[in-house]
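# Structure assessment
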Amino acid sequence: MAGEDRETQTKGLKLLGILDVQNTPCAREAILHGAGGSVAAGLLYFLATSRVKRSYDVGFAGFMVTTLGSWFYCRMNNAKLRVQQRLIQEGIKNKVAYEGTVMDPTRKGKAEAPSGPS
Amino acid sequence: MAHPSQLGFQDAASPVMEELLHFHDHALMIVFLISTFVLYIIVAMVTTNLTNKFILDSQEIEIIWTLLPAVILILIALPSLRILYLMDEINNPHLTIKAMGHQWYWSYEYTDYEDLGFDSYMIFTQDLTPGQFRLLEVDHRMVVPMESPIRALISAEDVLHSWAVPSLGVKMDAVPGRLNQTAFIASRPGIFYGQCSEICGANHSFMPIVVEAVPLVHFENWSSLMLEDA
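These numbers come from a predicted model, not from an experiment.

The next thing to look at is the state of the cysteines. Counting across every chain of the model gives 1 disulfide over all chains. In this model, A:Cys26 is linked to A:Cys74 through a disulfide, with the two sulfur atoms separated by 2.1 Å. Looking down the S-S bond of the A:Cys26 and A:Cys74 bridge, the torsion is -75 degrees, so its handedness is left-handed. Placement of A:Cys26 in the loop between strand E2 (19-20) and helix H2 (27-49) and of A:Cys74 in helix H3 (residues 52-98) is noted, with a sequence separation of 48 residues between them. For the unlinked cysteine B:Cys200, the closest cysteine sulfur is that of B:Cys196, found at 3.8 Å.

See below:
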């Protein structure tokens, strides 16, 4: 059983030995966006000013900002999806439990129809 | 259970543990970015050719390195406090189980409806069957219904113990003469392992905890069988 766990779980790449980018949701996207943002910011600054050292600093700042922005955006979306998933699960459970009973929210339409002989 | 040389958390089996995992990822990303920043500053300081012997102060950078850590701490504290209060929410448990720590085994009591109690001893290595886990298996598991809020009352009969199941996000000290309460919901069926987490003598490492979450109908069958055997 332990062997099966090892095969199914991808061995994550740990940046700085701490951040497992493969197995942490949103981490891989955030780092990739950060890398792209860093290259773009540094390159643009260098093209504009021709200052090498400062371009590295701007590139690094771009990395931090882009990574943080992408991370929070992805995490917020994931959190919203999780809330929706829980609501849907609760709704399915309640539908199964309450169907046909007085607590069934879809029952009102049927109750209004006349049941006696015409 | 954990796989060999595992450093990170186990997969979550309860909503609280899921939230803890998400918070951990959030805090770890912040830690990673701070570490990267510090590393970059170190490299920049070591490789610079600039020197200025006449700098006395700099108000701008002082403001930045005062405000920025405060903002970072707030970004970490807000989700942390949210989880802290989430863990203490009143959840109207469907079942109460008492877990008593002894030297060196756990005993569980289900006294809500009938008087069901049993001891849970570790299975020795030489008695394991193929596929069982060394130092983690027990003869009688604590069986709980899945997707039901469970209240666990933890105490001890002799010395300090601690009842911990990492995948459920639960750890509570077992103190003699004191009743500690914790609650959890097993979101999915499965077998969840834990170990005593407070040093309690020679066999402290050999009194594991095993929680088995099953559908309610199976839990009812199991409790009937246990009562018949008792």
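Moving on, we get to the packing of aromatic side chains. All names here are of chain B. A full pass over the atoms with the stated rule returns 12 aromatic pairs over all chains. Geometrically, the ring pair formed by Tyr-110 and Phe-118 is stacked, given 5.9 Å between the ring centres and 25 degrees between the ring planes. Counting every residue linked through ring pairs, the aromatic cluster contains Tyr-108, Tyr-110, Phe-118, Phe-219 and Trp-222.

As a further point, take the pattern of salt bridges. Considering all chains together, one arrives at 7 salt bridges over all chains under this definition. A salt bridge links B:Glu19 to A:Arg86, with the nearest nitrogen and oxygen atoms 3.3 Å apart. Separated into two different chains, B:Glu19 in helix H1 (residues 15-47) and A:Arg86 in helix H3 make up a pair that spans both. Judged by its relative accessible area of 35%, A:Arg86 falls in the partly exposed class. A salt bridge links B:Glu137 to B:Arg141; the nearest nitrogen and oxygen atoms lie 3.6 Å apart.

Residue and element names in this part refer to chain B. The strand order E4-E10-E9 describes an open sheet built from 3 strands, whose pairing is mixed. Of all strands in the sheet, those with a lone pairing partner are strand E4 (142-145) and strand E9 (190-195), marking the two edges. Between one strand and the next, the sheet's axes are offset by a mean angle of 25 degrees, whatever the strand orientation. Note that E9 and strand E10 (residues 208-214) share 6 bridges and pair antiparallel. Residue Ile-191 lies in a different strand from E10, and its bridge partner there is Glu-212. Those strands touched by helix H3 (residues 216-229) are E4 and E10, and its axis lies near 140 degrees from that of E4.

Our next topic: the UniProt feature "domain: Cytochrome oxidase subunit II transmembrane region profile" (unreviewed entry) in chain B. In this structure's numbering, the residues bearing the UniProt feature "domain: Cytochrome oxidase subunit II transmembrane region profile" (unreviewed entry) are residues 1-91 of chain B. Annotation note: span residues 1-91 of chain B, helix share 68%, strand share 0%, distance between end C-alpha atoms 26 Å.

This brings us to the domain arrangement of chain B. Assigned domains of chain B: these are domain 1 (15-88) and domain 2 (95-229). Between domain 1 of chain B and domain 2 of chain B, the C-alpha centre-to-centre distance is 40 Å.

Here we take up the interface of chain B and chain A. Counting residues at the interface gives 27 residues for chain B and 28 residues for chain A. When residues of chain B are sorted by the area they lose upon contact with chain A, B:Met29, B:Phe32 and B:Tyr40 head the list and together hold 27% of the total. When the shortest N-O distance is used, the salt bridge between B:Glu19 and A:Arg82 registers 3.9 Å. Where chain B meets chain A, there are 5 residue pairs in polar contact (both at pLDDT 80 or more). Its residues placed into classes, the side of chain B that touches chain A shows 14 nonpolar, 9 polar and 4 charged.

Axes are the key here: two packed helices are described by the angle between their axes and the distance separating the axes. All names here are of chain A. The interhelical angle for the contact between H2 and H3, taken along N-to-C directions, is 150 degrees, at an axis separation of 7 Å. When the axis of H2 is compared with that of H3, the two are roughly antiparallel. In the packing of H2 onto H3, the handedness of the crossing is right-handed. Residues that form the contact of H2 with H3 fall into these classes: 12 nonpolar, 11 polar and 2 charged.

Our focus in this paragraph is the environment of B:Gly201. All names here are of chain B. The residue Gly-201 is located in the loop between E9 and E10 in this model. Among the residues examined, Gly-201 registers a relative accessible area of 35% and is labelled partly exposed. A sequence separation of 42 residues divides Gly-201 from Val-159, and the C-alpha atoms of the two residues are 8.6 Å apart. Once you skip the residues sitting within four places of it in the chain, Gly-201 turns out to touch Gln-103 and Trp-104.

Definitions and cut-offs
Residues numbered from 1 in each chain as written. Chains lettered and ligands numbered in written order. Predicted model: local features only at pLDDT ≥ 70, side-chain atom pairs only at ≥ 80, totals over all residues. Heavy atoms only, no water. Disulfide = S-S within 2.5 Å. Helix = DSSP H or I, 4+ residues; strand = E, 2+ residues; numbered from the N terminus. Phe/Tyr/Trp six-rings, centres within 6.5 Å; stacked < 30°, edge-to-face > 60°. Salt bridge = Lys/Arg side-chain N within 4 Å of Asp/Glu carboxyl O. Buried < 20%, exposed > 50% of the residue type's maximum accessible area, 1.4 Å probe, protein only. Pairing = 2+ DSSP bridges. Axes fitted to C-alpha atoms, helices over the stretch in contact; angles between N-to-C directions. Contact = heavy atoms within 4.5 Å. UniProt positions renumbered as here; feature names shortened; annotations may be inferred. Domains from an automatic or database assignment. Buried area = accessible area lost by both parts, 1.4 Å probe. Polar contact = N/O pair within 3.5 Å; in protein donor to acceptor, adjacent residues only side chain to side chain. Nonpolar A, V, L, I, M, F, W, Y, C, P; charged D, E, K, R; others polar. Parallel < 35°, antiparallel > 145°, perpendicular 65-115°, else oblique. Left-handed = near helix turned anticlockwise from the far one by under 90°.

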